[in-house]
Every structure is written in structure tokens, then in C-alpha cells.
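Architecture at a glance
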Amino acid sequence: MAGRGVRPALAYDAGMTAPLGPYTPAVRAGDWIIVSGQLGQKDGAVVPGGVPAQTAQAIENLKTLLASMDADITDVAKTLCFLTDMGTFAQFNEAYIAGFAGHRPARSTIGVAALPGGADVEIEAWAYKPLG
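Below: a short report on this structure. Keep in mind that this is a model prediction, so the values were computed, not measured.

Over its twelve residues, helix α2 (residues 89-100) extends 16 Å from the first C-alpha to the last, a length consistent with the 16 Å expected when each residue adds 1.5 Å. All of the buried residues in α2 are F92, A95, Y96, G99 and F100. Relative to the axis of α2, the buried residues are bounded by an arc of 125° and lie together on one face. In α2, the exposed positions that point more than 90 degrees away from the buried face belong to A90, E94 and A98. Against α1 (50-67), β6 (76-83), β7 (106-111) and β8 (121-128) lie the buried residues of α2. Just downstream of α2, A101 is the residue with a positive phi angle, here 50°.

Spelled out as C-alpha cells, the structure:
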């Protein structure tokens, strides 16, 4: 089983904003790539434009992290999404559909009281990308 341990992504080399907490933005665990929740932020700040813009940016951040581990959005098998206002669910869905194009991973969406940095949206992803 050599080579199947947990390995962090080189997220900072991919141009990502440093995480807001003590965690690794993405790790490989065997054939799985787990991407920590991504906010709709760029250059250290939440993007303007509300839920649609934040969702689009969060997905771009996911794509960048996946690419840093030789994977892409079509490898995503499951997402866990957080919204601070479930009244924006329809707006979120439109932006999510656009960002994932024709790909439809399994998904859970949860309403939360608040997110780090004052964000309205956070998206975590699990991608299946077999080694070798």
C-alpha cells in the first residue's frame, strides 16, 4: 500500500488564498481527493455579487485545487454545500449547475447560521481519481 497515504495538495502554488483556519485545502487519501470547503473568495476577500458570484468563485477554487492534484470537476463524486440563507437556494442551484456544467455529483446542502469571512456559500468536494 505504499503511496496511498494522505498527501496534501500544493494549494498555495496553485494561486489559492491561504485557508482561514488550521487545515489543508485538499488532500489525497488513496484514490480519493478531499477538498476542504471552499468559499467564494478571491485574493483573500469574498467576491461581490452575492450567492451567484460566490458560488461561481467557490467552484473555480475547487477546480484549481483539483487541478493541482491532476483531477478535474468531472471527478467529483460528492459535494457538501453550506448556505447562510436557504432562501437563496434557487440562485445557488443556478450557479452550481453552470459551474458543474453537465456533471451532477451526489450533493447535500445545509443551511447554517454563518460562514467564515462573512461568506454566504461554502462547497466541499470529494473526488474519485484512482492513482496510476
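Now that the structure has been shown, the text picks up again.
On to the packing of aromatic side chains. One pass over the full model with this rule turns up four aromatic pairs. Ring geometry for F92 versus Y96: centroids 5.6 Å apart, planes at 45°, classification tilted. With F92 and Y96 both in helix α2, this residue pair falls four residues apart, about one helical turn. The same class applies to F92 and to Y96, which are both buried. An aromatic cluster is built from W32, W126 and Y128, whose rings are joined through pairwise contacts. Residue placement shows R107 over the ring face of Y96; its charged tip is 4.6 Å from the ring centre.

With a phi angle near 60°, D70 is a residue other than glycine that sits in the positive phi range. Relative to the elements of secondary structure, D70 occurs in the loop between α1 and β6. Even without glycine at this site, A101 takes up a positive phi of about 50°. Its place among the elements puts A101 in the loop between α2 and β7.

By the definition in use, this model includes two salt bridges. For K63, the salt bridge goes to E60, with nearest N and O atoms at 3.5 Å. With a gap of three residues between them, K63 and E60 both fall in helix α1, about one helical turn apart. Take K63: its relative accessible area is 27%, and that puts it in the partly exposed class. The exposure class of E60 is partly exposed, given its relative accessible area of 39%. Between K129 and D75 there is a salt bridge; the shortest N-O distance is 3.9 Å. With K129 in the segment after β8 and D75 in the loop between α1 and β6, the pair connects residues that are 54 residues apart, well separated along the chain.

Conventions and cut-offs
- Residues numbered from 1 in each chain as written.
- Predicted model: local features only at pLDDT ≥ 70, side-chain atom pairs only at ≥ 80, totals over all residues.
- Heavy atoms only, no water.
- Helix = DSSP H or I, 4+ residues; strand = E, 2+ residues; numbered from the N terminus.
- Expected span 1.5 Å × (residues − 1).
- Buried < 20%, exposed > 50% of the residue type's maximum accessible area, 1.4 Å probe, protein only.
- Arc of directions from axis to C-beta.
- Contact = heavy atoms within 4.5 Å.
- Phe/Tyr/Trp six-rings, centres within 6.5 Å; stacked < 30°, edge-to-face > 60°.
- Lys NZ or Arg CZ within 6 Å of the ring centre and 35° of its normal.
- Salt bridge = Lys/Arg side-chain N within 4 Å of Asp/Glu carboxyl O.

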